[in-house]
Amino acid sequence: MKIAFVYFTNTDITGQLIAAALGEVEKEGVNSISHKISGKEIIDGRFINEHLMKSLEACNAIIFGSPTYMGSVSAQFKAFADATSVFWSGQAWAGKVAAGITSGTAPNGDQASTLQYFSILASQHGMIWTGLDASVTDRNKGVNRLGCHLGVTASSPDGSVHRDDLETARYLARRVMQITRKLAI
């Protein structure tokens, strides 16, 4: 099994959430790829990184990450997503597991719309979307503080990451591994 994390972060809130999820995957000894999108990879408005794109083909799951800017993904992540269209027509990512992680300043900063964007991107590729199976009232799991089932949402009004949001990122990683294992049978 191989899980990829492709994300953009500016203030590193999303980066810390990705790191928590990645740490969970590494703790389980699962092969992983982690790629932070860089502005230098965007040339004339197009994301270009052939090595990354080739590496993603060999993954069983991809977890997308971006802060929520103005109700959607960052421009940097959108450039990456647009570049994935080379896989779309052949459905090269069909059957891979997908999930998403986002952050914003406000508790309801339209982060769900970013997760919806990720899930639509995954659906266009024929991927299998994985959300959270933990309600906000399920205190036994200690996750999903903001109550979004589509993926990880975090609120960071003071620039720090809430411990429950980090735990939710770890929880999502465990869930992605569990579903990926089930599908590999």
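Per chain, the residues get numbers from 1 upward, laid out in the order the sequence is written. For a predicted model such as this one, the threshold for reporting local features is a pLDDT of at least 70, and the threshold for listing and counting side-chain atom pairs is 80 or more; totals across whole chains, interfaces and linings nevertheless cover every residue. To obtain the side-chain values, all non-hydrogen atoms of the structure were included, while hydrogens and water were left out.

(A) Structural context of the packing of aromatic side chains. A pair of aromatic rings is counted whenever rings of Phe, Tyr or Trp (Trp by its six-membered ring) have centres within 6.5 Å, and the orientation is called stacked for planes under 30 degrees apart, edge-to-face for over 60 and tilted otherwise. By the definition in use, this model includes six aromatic pairs. With a centroid separation of 5.8 Å and an interplanar angle of 75°, the aromatic rings of Phe64 and Phe77 are classed as edge-to-face. Linking Phe64 in strand β5 (residues 61-67) with Phe77 in helix α3 (residues 75-83), this pair joins segments that are 13 residues apart in sequence. Partly exposed describes any residue whose relative accessible area lies between the buried limit of under 20% and the exposed limit of over 50%, with all areas from a 1.4 Å probe on protein chains only and scaled to the type maximum. We classify Phe64 as buried; its relative accessible area is 0%. Under the scheme used here, helices are H or I runs from DSSP no shorter than 4 residues and strands are E runs no shorter than 2 residues, and both carry numbers assigned from the N terminus.

(B) Inspection of the environment of His125 at higher detail. Summarising the element assignment, His125 is placed in the loop between α5 (111-124) and β7 (128-129). In this structure the C-alpha to C-alpha distance between His125 and Ala184, which are 59 residues apart in sequence, comes to 18 Å. Here, residues are in contact when the closest pair of their heavy atoms is within 4.5 Å. Not counting residues within four places of it along the chain, the set of residues in contact with His125 comprises Thr84, Phe87, Trp88, Gln91, Trp93 and Ala94. Here a polar contact is recorded for every N or O atom pair within 3.5 Å, except that within protein the pair must consist of a potential hydrogen donor and a potential acceptor, and residues adjacent in sequence are included only if both atoms are side-chain atoms. A polar contact of 2.9 Å, which involves the side chain of His125, links it to the side chain of Thr84.

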